[in-house]
Amino acid sequence: MESVEVAQRAGAAVLGHSLARRVIACQEAPGVAEPGGDHVEDRSVEIARDFLFEHANDYKAAHAGFRWPELENFNYALDWFDAELAQGESANRLALKIVGQDAAERSFADLLYYLGERNDRIALLRSREEGAGAIESPSETSARTTLLADLTDGLPRIVLAPIAAVRQQVMPRERFDSMRFELRTGDEAGWEDVQRRLFELGYERCDVVSAVGEYAVRGGIIDLFAATADAPVRVDFFGDRIESMREFAIESQRSSNVVDRLSIAPWIDRIDDATGTIFEYLPQNAVVVMEEPATIGAVAQALDDERARERHTLSTDESADSHLLERSDVAPMTLHETGERVAAYATLVLPGGIEPQGGQPWVPPTLESLVFESLPVEHFTRQISLFSE
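Residues numbered from 1 in each chain as written. Predicted model: local features only at pLDDT ≥ 70, side-chain atom pairs only at ≥ 80, totals over all residues. Heavy atoms only, no water.

## Considerations on the overall build of the chain
Applied cut-off: Note on conventions: DSSP H or I runs of at least 4 residues are helices, E runs of at least 2 residues are strands, and numbering of each starts at the N terminus. Each residue is placed in one exposure class: buried if its accessible area under a 1.4 Å probe, protein chains only, is under 20% of its type's maximum, exposed if it is over 50%, and partly exposed if it falls in between. Only heavy atoms enter the contact rule, under which two residues are in contact if any of them lie within 4.5 Å.
Along the chain, the regular secondary structure elements total 14 helices and 15 strands. Among the 389 residues that make up the chain, the fraction classed as buried is 44%. Long-range pairs, those at least 24 residues apart, make up 71% of the contacts in the chain between residues at least 6 apart in sequence.

Listed below in structure tokens is the structure:
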């Protein structure tokens, strides 16, 4: 029953689909000019927005009383459900929204713009490059590791996740959390112990730190660019004791701001002897949103076909590196396995226009269906007579 109630509350929020951009447009141009030159304020967007917030927990009232604002400059770029979950009463609940790759990138960019200073409540789960010979950017690895650390600490409120990233294996949450550690000024951290732990976490030792995920050792100093840090840090030891820590610039290598503590998360987010999924990092009261399951399934099938072709090519190539073959053996979750994990959470499914009769077999069974209708606003071609009608 709780899942139905959660879906109803989410449904009430979805009812105001894409109103966020209207609110912005209304703030930028809050009125229209009549033929005589008088400026008439139009608060229809604000009224619709406030109505939805007021009835966010009452689907029936929201469905019966909602009225669309009649504005010409409508923009469907942002989903209201995303914005609703990032603020208001729903802000304490984490949501994982599973979509296609392009939709995830677009929604993430829109939310960064709309939420402004509150955009730390959203995150994008980036998929790991697993193709043969693929070289992943350190910034991509850092973003994914930072998200896992933030989820462990319960920080994000909305996670936008393409299906490719959702199906990939990650380090089990308990293992990830147990491997994290923190350095503090004045601690007896141990000169050799810190270097050993950095190596075990997958950090690469180099002569000079030039990217995230690297560390360098010289004299009694360890330069480190931790996975979740905004800048590299110079850790100055006296024996086994940390004397000081300062940020430094990669370009000039000059120290700057003093740092009291430095959190260090694993640089590798997957280990061979233990595998986990992103669902292990979600709290029990999380909401999972799946947008257009048929599209998600089609994308997943295309990725599986591409992976099978690559695996076949490598297996028939006698000169192929054995490491590449082993890497291609790490299969992602199947759609059915993904569906089983999704079913453990309150789930809201937003079907698209190409859903087959009876739905997708891997999608959790429906407990209650809610019908929404969204029609495009007529183009008024700047004619006030049509607008007033």
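Next comes the rest of the write-up.
## Some points on the confidence of the model for the chain
We apply this condition: Confidence scores labelled pLDDT are given residue by residue by the predictor and lie between 0 and 100.
Per-residue confidence for the chain gives a mean pLDDT of 77, with 69% of residues at or over 70. Confidence over residues 71-83 falls short of pLDDT 50; this stretch has 59 contacts with residues more than four positions distant or in other chains.

## Focus on the sheet that holds strand S5 (residues 158-162)
Heads up, the condition is: In this scheme, strands are said to pair when DSSP sees at least two bridges between them. Helix axes are fitted to C-alpha atoms over the stretch in contact, other axes to C-alpha atoms as well, and angles between N-to-C directions run from 0 to 180 degrees.
Spatial ordering of the open sheet is given by S4-S5-S3-S14-S15, a layout of 5 strands whose pairing is parallel. In this open sheet, the two edge strands, each paired with only one partner strand, are strand S4 (122-124) and strand S15 (346-350). On average, adjacent strands in this sheet sit at an angle of 20° to one another, irrespective of strand direction. One ladder, built from 5 bridges, connects strand S3 (residues 95-99) with S5; its direction is parallel. Looking at S5, one finds that leucine 96 is bridged to valine 159. Docked against the sheet, helix H6 (residues 101-115) engages S3, S4 and S5, running at close to 150° with respect to S4.

## Some remarks on the side chain of arginine 128
To keep things clear, this is the line we draw: Definition of a polar contact: a pair of N or O atoms within 3.5 Å, with one able to donate and the other able to accept a hydrogen when the atoms are protein atoms, and with sequence-neighbouring residues admitted only if both atoms are side-chain atoms.
Its location among the elements puts arginine 128 in the loop between S4 and helix H7 (138-152). Looking at arginine 128, its side chain comes within polar contact range of the main-chain oxygen of glutamine 169, at 2.6 Å.

## Details of unusual backbone geometry
Although it is not a glycine, glutamine 253 sits at a positive phi angle of roughly 65°. Its location among the elements puts glutamine 253 in the loop between strand S11 (241-248) and strand S12 (255-258). According to the relative accessible area criterion, glutamine 253 is partly exposed, its value standing at 23%. A positive phi is found at glutamate 292, a non-glycine position, where the angle reads about 55°. Tracing the backbone through its elements, the reader meets glutamate 292 in the loop between strand S14 (287-291) and helix H11 (293-316). Look at glutamate 292 and you get partly exposed, because its relative accessible area is 33%.

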